[in-house]
Amino acid sequence: MGNDPVAVQNGFVAWQKLQADGVTWKVVRRSLTGSTITVVRDALPTGISRILANGSIKLIDEDRTAVSGYTRPWFAVDLTVAE
């Protein structure tokens, strides 16, 4: 689900996953070293923006205006690029 359904950052991989009910979408994550898959939050059609150092997930809609005067930022450690 979503335009950006997967992210890898800060030692985690996260993706949007359809739940067993066949209707509900959730954002799940696991460590890159292979830990248990954890349900983090509800998903949105626009997808995942980034994974913060504490393992929380920011969605595209939440980060859309994170850089004043621009849209659709992309984050890579200390580098941010925006449209």
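Residues numbered from 1 in each chain as written. Predicted model: local features only at pLDDT ≥ 70, side-chain atom pairs only at ≥ 80, totals over all residues. Heavy atoms only, no water.

Asker: Looking at this model, I keep getting lost on the sheet that holds strand β4 (residues 38-42). Mind explaining?
Answerer: In a beta sheet, neighbouring strands pair by backbone hydrogen bonds and run either parallel or antiparallel. With respect to topology, 4 strands assemble into an open sheet ordered β1-β2-β3-β4, the strand pairing being antiparallel. The sheet is open, and its two borders are formed by β1 (6-9) and β4, each paired with just one other strand. Between one strand and the next, the sheet's axes are offset by a mean angle of 25 degrees, whatever the strand orientation. Pairing of β1 with strand β2 (residues 12-18), which is carried by 4 bridges, proceeds in the antiparallel orientation. Bridging across to β2, V6 finds its partner in W15. (Pairing = 2+ DSSP bridges. Helix = DSSP H or I, 4+ residues; strand = E, 2+ residues; numbered from the N terminus. Axes fitted to C-alpha atoms, helices over the stretch in contact; angles between N-to-C directions.)

Asker: What is the right way to look at the pattern of salt bridges in this model?
Answerer: Side chains that differ in charge, positive against negative, can pair when their charged atoms come close. All told, the structure shown has 5 salt bridges when counted by the stated rule. The salt bridge involving R72 is made with D4; its shortest N-O contact spans 3.1 Å. Here the residue R72 occupies a position in the loop between α1 (60-63) and β7 (74-76), and D4 occupies one in the segment before β1, the gap between them amounting to 68 residues. (Salt bridge = Lys/Arg side-chain N within 4 Å of Asp/Glu carboxyl O.)

Asker: For this particular structure, what's the right way to read a nonpolar patch on the surface?
Answerer: Together, V6, V8 and L32 make up a nonpolar patch on the protein surface, roughly 290 Å² of accessible area in all. By the element assignment, V6 lies in strand β1. (Patch = residues over 30% accessible without salt bridge, like charges linked within 9 Å, V, L, I, M, F, W, Y side chains within 5 Å. Areas by Shrake-Rupley, 256 points an atom, 1.4 Å probe, with all protein chains shown as cover.)

Asker: Can you walk me through the nonpolar core in this structure?
Answerer: Note on soluble globular proteins: their nonpolar side chains tend to be buried together. Counting residues in each nonpolar core, the largest one holds 9 residues, listed as A7, F12, A14, V27, A43, I48, I51, I57 and L59. Looking at this core, the elements with two or more residues in it are β2, β5 (48-51) and β6 (57-59). When neighbours within four sequence positions are excluded, L59 is seen to be in contact with Q16, V27, R41, D42, L44, G47, I48 and S49. (Core = buried A, V, L, I, M, F, W, Y, C linked by side-chain atoms within 4.5 Å. Buried < 20%, exposed > 50% of the residue type's maximum accessible area, 1.4 Å probe, protein only. Contact = heavy atoms within 4.5 Å.)

Just geometry here; none of it tells us what the structure is for.
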